[in-house]
Amino acid sequence: MNSEINKIINILIGGEAGQGLVTVGQILAKGLVRSGYSICVTQDYQSRIRGGHNTFAIRVGADAVRAPQESIDLLVALDADTVRFHRDDLAPHGLIVIDEALDITDDGTLKVPFRTLASDQHTNIVALGVIAALLNLDEKVVAQTVADFFGKGHREATEANGRALGESYRWAGGQAVAFERLAPIAHPPQQLMMNGNEAIALGAVTAGLKFYAFYPMTPSTSIALALAGWAKEMGLIVEQAEDEIAAINMALGASFAGAPSMVGTSGGGFALMVEGVSLAAMIETPVVIVVAQRPAPATGLPTRTAQTDLEFVLHAGHGEFPRAIFSPGSIEQCFELTQKALQVADRYQGPVFILTDQFLADSYRAVAPFRLDNRPLVEPWSHEGVGFPTPYHRSAITDDGISPRLLPGLTEHLVVVDSDEHTEDGHITEDLVVRTKMVQKRLKKGEGIRAEVIPPELQGAEKPDLLLVTWGSSKGAVEEAAATMRSRGMRIATLHFPQVWPLVPKYVIDPLHEAKQVVAVEGNATGQLARLIRRETGFHIERHVLRYDGLPITPEFILREFNP
Amino acid sequence: MVTIEDYGTYETAWCPGCGNFSILKAVKQALVATQLKPNQCLFVSGIGQAAKAPHYLNANVFNGLHGRSLPVATGAKLANPDLVVIVESGDGCHYGEGGNHFLAAIRRNIDVTMLVHNNQIYGLTKGQASPTTDEAIITKTQPEGVLSAPFNPIAVAVAMQAGFVARGFSGMIDHLSDLIQQGMAHQGFALIDVLQNCVSFNKVNTFAWYKKRCYPLPPEYDPTDWGTAMTTATEWGAKIPVGIIYRNARPPFGQRLNRGRLVGQKTDRSEIGRIMDRFQ
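If you're wondering where the values come from, they're calculated on a predicted model, not measured in any experiment.

What counts and how
Residues numbered from 1 in each chain as written. Chains lettered and ligands numbered in written order. Predicted model: local features only at pLDDT ≥ 70, side-chain atom pairs only at ≥ 80, totals over all residues. Heavy atoms only, no water. Helix = DSSP H or I, 4+ residues; strand = E, 2+ residues; numbered from the N terminus. Rg over C-alpha atoms; globule rule 2.2 N^0.38 Å. Buried < 20%, exposed > 50% of the residue type's maximum accessible area, 1.4 Å probe, protein only. Areas by Shrake-Rupley, 256 points an atom, 1.4 Å probe, with all protein chains shown as cover. Expected span 1.5 Å × (residues − 1). Contact = heavy atoms within 4.5 Å. Axes fitted to C-alpha atoms, helices over the stretch in contact; angles between N-to-C directions. Parallel < 35°, antiparallel > 145°, perpendicular 65-115°, else oblique. Left-handed = near helix turned anticlockwise from the far one by under 90°. Buried area = accessible area lost by both parts, 1.4 Å probe. Salt bridge = Lys/Arg side-chain N within 4 Å of Asp/Glu carboxyl O. Nonpolar A, V, L, I, M, F, W, Y, C, P; charged D, E, K, R; others polar. Pairing = 2+ DSSP bridges. Right-handed = clockwise from strand over helix to strand, strands pointing away.

### Observations concerning the overall build of chain B
Phase 1: Summing up its helical and strand segments, chain B has ten helices and eight strands in all.
Phase 2: Expected size for 280 residues packed as a compact globule is a radius of gyration near 19 Å; at 20 Å, chain B falls within 12% of this value.
Phase 3: Considering only C-alpha atoms, chain B reaches an extent of 70 × 40 × 40 Å along its principal axes.
Phase 4: With 280 residues in all, chain B has 60% of them scored as buried.
Phase 5: Total accessible area computed for chain B in this model is approximately 10800 Å², and 55% of it derives from carbon and sulfur atoms.

Listed below in structure tokens is the structure:
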């Protein structure tokens, strides 16, 4: 498999929680990105702080890498269990890097004298140096990355790290190892290393986010971590709420008062927020809700990945109201669609969702720096209310259902919203004629949301023999599997939904009917997107490739389904 | 010059004789006394008969979900600290459904005034026990009598050293109006628990029952003495103290966070560029 995908190496670093493997992984990944390579990181960890078995996988290549890989070319084992658990995944010419003190006798093993090369506390750096040397990375680039990672101010620590790195580089360079090194990139392009949650956070502030409330929940917490790190310099408020119910209600209060607002959580936390979703719709107040999926029901597998909450998010909230659900499939889409989500929420004044998952949330990738100029900002306070009649009607009925929005305290007008059914001025009513008009008014906004939906992306052959349909983070794996099948002579196309709702039939009917066979590829056990497509278009996708063991869909997983 | 007319007069959904009327009157008196214009105030309420109160005066209103008014008020106050934020709902909404938010708001010391219409019963849902209903009281849903001990909001707030803790009585309108003014003037979280009668569903804690028991704290009472305040907070039965029971000068959340007004704050593109560069 590996040889077919040109010059891609899959590195897996494994060990116990607390051994610092994420540190090694992050520094190595950044060193690779700075050297001009493309990467795709997959983090697999247990819900514990010490012990257990965790891995940090970096798939790296000179050309774009957009999906994880199962077979391992370079297995870096910080403990013996890593070899036991992963030796079967080792590629034919793969190499194991391990501490010489460990009792492992596998072929193709490079035994590293960790204790001779550096003191115990620098084991991480030695591992890093050995891997970097094996990969042919420039030692200066790696040394700089190590220095940047640990920060300034610790001169002795920086020097000790530098020595450990140098020793391990020299040692590894002197070993006769049959391992295919990475071809150097002569002129590395400027690249960023960013994971999905960081891209969501950056997209949010780029669009004008001012308020973020959350209750810690894996795998959404790193959005809060990123935003909290920038809060002071950006003037944001990032507040850890007492629970998820408080988080969404705080965001709605802040949004009502004029601060573009967002919340982030995962399935169980979102379950608590659901009444707030319905409230956002009723009081027509913008809020963006990021749901980072993980396997459920209930607590499920807290640190693993899934695509199982499409139907939950689609139907969350009592009553009928419009919504939009974005499902980014890449880091770039996390950045772009978060901005779009804030804009749609602001324009249509209600709840808008971003569905991501643990795999994408934690997956570091190389991306080109984003253009930041000419991006529309969400600025709800720009409306000064001049020319509005008194009393101002916050819920005025209009042709498109969108009521001109003023903010409390900024004009002479009073702004009134109510979770009860209300008249146009926002006050509670049980007038059933008004009720009917208000239901229609709120639903009318759905037409606007539908008109600006981002269509699914169709790639590949026209009238294909096989069309793979997918959404969210499975994009990369599906597109790579399709490329591999294409290289074997198949007529194949892919259809990826970066926005799963509204699902507009005109964008999907032709591709579905033109393909000889359609297969849905999803990270759930029941084919939720396929079922939604059938509901909205009548088209029945009969064959599915489904993964629900907690791991991300890989190109190999898909290919096995077609070539058992 | 703001007058009581600026705050309007509306038809209500309350029973004749309900304590809510007096509380509404005391609120309007306080707003006029402080000369706040209706558009400077934001009332946040939940669900219940008390939560309808903000609909019966002129102001900005966020009538949200049952129990969730404090988080909404927190978000709104942080987004625009210039708003005078008053949270108004009943005992069930604030102490039952919203209990966790009550504790969190005290801990944050968010600068809002929390007005609790406490009639020791659920009115809108017709007479079930509330968190403040006394033990052994019989209701249709607690036919064998209430088995849980009543929640003492004053004692909890004082124990947690809330910024401003007061109790009022709907039968003492001027006294209550003064408490509301002082609560609004307080920089930080202010709890004003207002005892009121429910003519339809609470046949035990009637207007006469409260009138006989409520007494104003004497002028020499020192609300900054926490030890005395704890004792006063637990006084309940034959005599019930009303007035400011405890206060301190802990700076409010927004002041310590020091972000100013989020509303109208421009996004600095070059700042975002610098943040993005850190990912290189």
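### Considerations on helix α6 (residues 173–185) of chain B
Phase 1: Between its first and last C-alpha, α6 of chain B extends 18 Å over 13 residues, near the 18 Å set by a 1.5 Å rise per residue.
Phase 2: On its buried face, α6 of chain B sits against α1 (20–34), β3 (84–90), β4 (113–118), β5 (164–169), β6 (190–195) and β8 (240–247) of chain B.

### Remarks on the packing of helix α4 (residues 123–135) of chain A against helix α6 (residues 155–173) of chain A
Residue and element names in this part refer to chain A.
Phase 1: The N-to-C vectors of α4 and α6 enclose an angle of 40°; their axes lie 8 Å apart at closest approach. Taken together, α4 and α6 sit at an angle that is classed as oblique. Crossing geometry of α4 relative to α6 is assigned as right-handed. Of α6, the residues touching α4 (which contributes Ile125, Val126, Leu128, Gly129, Val130, Ala132 and Ala133) are Asn161, Ala164, Leu165, Ser168, Tyr169, Trp171 and Ala172.

### Concerning the interface of chain B and chain A
Phase 1: Of the residues lining the interface, 47 residues belong to chain B; the matching set on chain A comes to 66 residues.
Phase 2: Between chain B and chain A, a total of about 4900 Å² is buried, with carbon and sulfur atoms accounting for 62% of that surface.
Phase 3: Between the two partners, chain B and chain A, sit four salt bridges.
Phase 4: As a salt-bridge pair, Lys266 of chain B and Glu379 of chain A come within 3.4 Å of each other at their nearest N and O atoms.
Phase 5: Of all the secondary-structure elements, those providing two or more residues to the side of chain B that touches chain A are β2 (60–63), α2 (69–79), α4 (99–108), α9 (253–257) and α10 (269–277) of chain B.
Phase 6: Examining the composition of the side of chain B that touches chain A, we find that seven residues originate from one element, α2 of chain B, more than from any other.
Phase 7: Here the side of chain B that touches chain A is built from residues that sort into 22 nonpolar, 16 polar and nine charged.

### With respect to the environment of Met282 of chain A
Residues and elements named next belong to chain A.
Phase 1: Relative to the helices and strands, Met282 resides in helix α10 (residues 267–282).
Phase 2: A relative accessible area of 14% places Met282 in the buried class.
Phase 3: Distance from Met282 to Asp88, taken between C-alpha atoms, is 55 Å for residues 194 residues apart in sequence.
Phase 4: Residue contacts for Met282: discarding those within four places in its chain leaves Asp418, Ser419, Asp420, Glu421, His422 and Arg442.

### Topic: the pairing of strand β9 (residues 237–240) of chain A
Residues and elements named next belong to chain A.
Phase 1: Pairing of strand β8 (residues 211–214) with β9 involves four bridges; the strand directions are parallel. Its bridge partner being in β9, Tyr212 is matched across the sheet by Val238.
Phase 2: The parallel pair β8 and β9 is bridged by helix α8 (residues 221–234), and the resulting crossover is right-handed.

### Focus: the sheet that holds β4 of chain B
Phase 1: On the basis of which strands lie adjacent, the open sheet formed by nine strands has the order β15(A)-β2(B)-β1(B)-β3(B)-β4(B)-β6(B)-β5(B)-β8(B)-β7(B) and mixed pairing. Strands at the two margins of the open sheet, each flanked by one partner only, are β15 (416–418) of chain A together with β7 (214–216) of chain B. Strand after strand, the sheet turns through a mean of 20° between neighbouring axes, direction not considered.
Phase 2: Where β7 of chain B lies against β8 of chain B, three bridges are found, and the strand directions are parallel. Following the sheet pairing, Tyr215 of chain B is matched in β8 of chain B by Pro241 of chain B.

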